[in-house]
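Spelled out, the chains give:
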Amino acid sequence: MQQQLDELRALASRAENRPTQTGIPRVFMVQGSIPEHELAAVYDPMVNLILQGGKTLTVGEQALDYDPATYFVMSVDLPAAGVVRPAADGSPYLAVALTLNAAVLADFLSTLPEPAPAAAEQGFSVAPVTPELLDAWVRMLRLMDRPADIPALAPAFEREILYRVLQGPMGWMLCDIATPDSALARVNKVIQRIRREFAQPLAVEKLAEEAAMSASAFHRHFKAVTSLSPLQYQKQLRLLQARKLLVTAGQNVTSVAYEVGYESPTQFSREYGRAFGLPPAKDAIRLMSSIQARRLSFGQSLASE
């Protein structure tokens, strides 16, 4: 697998330290250190393959480590915090990802035999990478240098990547994403509502009705899929959006607290500090200083070339 990894690293080395489009639908890549406030975010459903270095992703109380020997699958939108690490020799973190599309999955699965029932409910996990999966990724990324081939070949390579994941221990996740009546799909439907209406009061009983579950079953399934209760999920969405507003829009703490759904700015500041380690205003100053330092460093590196 070393030869495959070497080629993938060479192909993805043009990535920047943010999600970088490849020109291939739903495929992006990233390289190097990533700003802290971008690593703490709501992650879209994806298959994520690390090519160099490592990453720790924390969802709720669970922390998952993965590196070039593994790949990561996330089947629902999840608020999470990430930490990336360079390789042991100092080479920068490097990764590629395929965003999962339920319609593409449903069309693909309709051509395959009936899958085995799900063995679990959790909406995210890590599995060992295989040579076959790496082969499919190599063919996909080679298309960056042959853009005219993308419309014809990218869908086939996407299906091959999905097929290799489907063959692995997390294949059931792909099936459940595309099965409207699965518990995961019903929880995901509710997650989309919470994301749209995160600033509104959360009526768990109504969400349970929307998922066609009893309140207790809904709470159990939601926690199993996301590692969070519905209220914890909403709180993380609010705090992540608040951080974004503080850093990118420069809004003051009180206005941000009300905008993301808090009735008490004091409670907001307390929960923000618990989540991010500093009160909102101090955290925003720290993050903006870090961003400015990055820009200055990037400008200096360009000037020296």
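- Under the annotation held in an unreviewed UniProt entry, the protein chain carries the name AraC-like DNA-binding protein and is attributed to Roseateles asaccharophilus.

Remarks on the overall build of the protein chain
Argument step 1. Tallying secondary structure elements over the protein chain gives 13 helices and 10 strands in all.
Argument step 2. Compactness check: the protein chain gives a C-alpha radius of gyration of 20 Å against a globular reference of 19 Å for 305 residues, within 12% of the reference.
Argument step 3. Referenced to the eigenvectors of the C-alpha coordinate spread, the extents of the protein chain come out at roughly 60 × 55 × 35 Å.
Argument step 4. Restricting the contact set of the protein chain to residue pairs at least 6 apart, pairs at least 24 apart contribute 71%.
Argument step 5. When the accessible surface of the protein chain is totalled, it reaches about 14700 Å², and 54% of it is carbon and sulfur.
Argument step 6. With 29 positive and 31 negative side-chain charges, the protein chain shows a separation of 5 Å between the mean positions of the two kinds.

A short note on the pattern of salt bridges
Argument step 1. Evaluation of the coordinates by the stated rule reveals 16 salt bridges.
Argument step 2. Across the pair E16 and R18 runs a salt bridge, and its minimum N-O distance is 2.9 Å.
Argument step 3. With a relative accessible area of 37%, E16 lands in the partly exposed category.
Argument step 4. Taking the shortest distance from any N to any O, the salt bridge between R286 and D283 comes out at 2.7 Å. With a gap of three residues between them, R286 and D283 both fall in helix 13 (residues 280–304), about one helical turn apart.
Argument step 5. Residue class for R286 comes out partly exposed when judged on its relative accessible area of 33%.
Argument step 6. Overlapping salt bridges, with partners in common, bring together D44, D77 and R195 in one network.

Points about unusual backbone geometry
What is expected of a backbone is that most residues other than glycine have negative phi and most peptide bonds are trans.
Argument step 1. Even without being glycine, R26 reaches a positive phi, approximately 70°.
Argument step 2. Relative to the helices and strands, R26 resides in the loop between strand 1 (20–21) and strand 2 (27–31).
Argument step 3. Note on R26: relative accessible area 30%, which makes it partly exposed.
Argument step 4. Not every positive phi belongs to a glycine, and A212 is a case in point at roughly 60°.
Argument step 5. Of note, A212 is situated in the loop between helix 8 (204–210) and helix 9 (215–226).
Argument step 6. Under the relative-accessibility criterion, A212 is labelled exposed at 57%.

Description of the pairing of strand 4 (residues 46–52)
Argument step 1. Where burial is concerned, most of strand 4 is hidden: seven out of the seven residues are buried.
Argument step 2. Where strand 4 lies against strand 7 (residues 70–74), four bridges are found, and the strand directions are antiparallel. Across the sheet, residue L49 finds its bridge partner in strand 7, namely Y71.
Argument step 3. Relative to strand 9 (residues 94–99), strand 4 runs antiparallel, the two being bridged by six bridges. Bridged to V47 within strand 9 is L98.

Things to note about the sheet that holds strand 5 (residues 54–59)
Argument step 1. Sheet architecture is open: four strands sit in the order 3-8-5-6, paired in antiparallel fashion. The sheet is open, and its two borders are formed by strand 3 (41–43) and strand 6 (62–66), each paired with just one other strand. Shown here is a sheet whose adjacent strand axes are inclined to one another by a mean of 40°, direction ignored.

A word on the packing of helix 3 (residues 102–109) against helix 5 (residues 150–167)
Argument step 1. Contact pair helix 3 / helix 5: the axes reach a minimum separation of 11 Å and the direction vectors enclose 75°. Here helix 5 runs roughly perpendicular to helix 3, going by the angle between their axes. In this structure, helix 3 contributes V104, L105, D107, F108 and L109 to the contact, and helix 5 contributes E158, R159, L162, Y163 and L166.
Argument step 2. Partitioning the contact of helix 3 with helix 5 into residue classes produces seven nonpolar, no polar and three charged.

Structural notes on the UniProt feature "domain: HTH araC/xylS-type" (unreviewed entry) in the protein chain
Argument step 1. Mapped onto this numbering, the UniProt entry gives "domain: HTH araC/xylS-type" (unreviewed entry) at residues 188–286.
Argument step 2. Here residues 188–286 is 75% helix and 0% strand, with 34 Å between the C-alpha atoms at its ends.

A closer look at the sheet that holds strand 2
Argument step 1. Within the open sheet, the six strands sit side by side as 1-2-9-4-7-10. Their pairing is antiparallel. This sheet does not close on itself; its edge strands, each paired only once, are strand 1 and strand 10 (124–128).
Argument step 2. Bridge count for strand 7 against strand 10 is five bridges, and the pairing is antiparallel. Across the sheet, the residue bridging to M74 is F124, located in strand 10.
Argument step 3. Along the sheet, helix 4 (residues 131–142) makes contact with strand 2, strand 4, strand 7 and strand 9, crossing strand 9 at roughly 85°.

Side note on the packing of helix 9 against helix 10 (residues 230–249)
Argument step 1. In contact at an axis separation of 9 Å, helix 9 and helix 10 are set at 50° when each is read in the N-to-C sense. In terms of orientation, helix 9 and helix 10 fall into the oblique class. Residues F218, H219, F222, K223 and T226 of helix 9 form the contact with helix 10, whose own contacting residues are P230, Q232 and Y233.

Reading guide: rules and limits
Residues numbered from 1 in each chain as written. Predicted model: local features only at pLDDT ≥ 70, side-chain atom pairs only at ≥ 80, totals over all residues. Heavy atoms only, no water. Helix = DSSP H or I, 4+ residues; strand = E, 2+ residues; numbered from the N terminus. Rg over C-alpha atoms; globule rule 2.2 N^0.38 Å. Contact = heavy atoms within 4.5 Å. Areas by Shrake-Rupley, 256 points an atom, 1.4 Å probe, with all protein chains shown as cover. Lys, Arg positive; Asp, Glu negative; His and termini not counted. Charge placed at Lys NZ, Arg CZ, Asp CG, Glu CD. Salt bridge = Lys/Arg side-chain N within 4 Å of Asp/Glu carboxyl O. Buried < 20%, exposed > 50% of the residue type's maximum accessible area, 1.4 Å probe, protein only. Pairing = 2+ DSSP bridges. Axes fitted to C-alpha atoms, helices over the stretch in contact; angles between N-to-C directions. Parallel < 35°, antiparallel > 145°, perpendicular 65-115°, else oblique. Nonpolar A, V, L, I, M, F, W, Y, C, P; charged D, E, K, R; others polar. UniProt positions renumbered as here; feature names shortened; annotations may be inferred.

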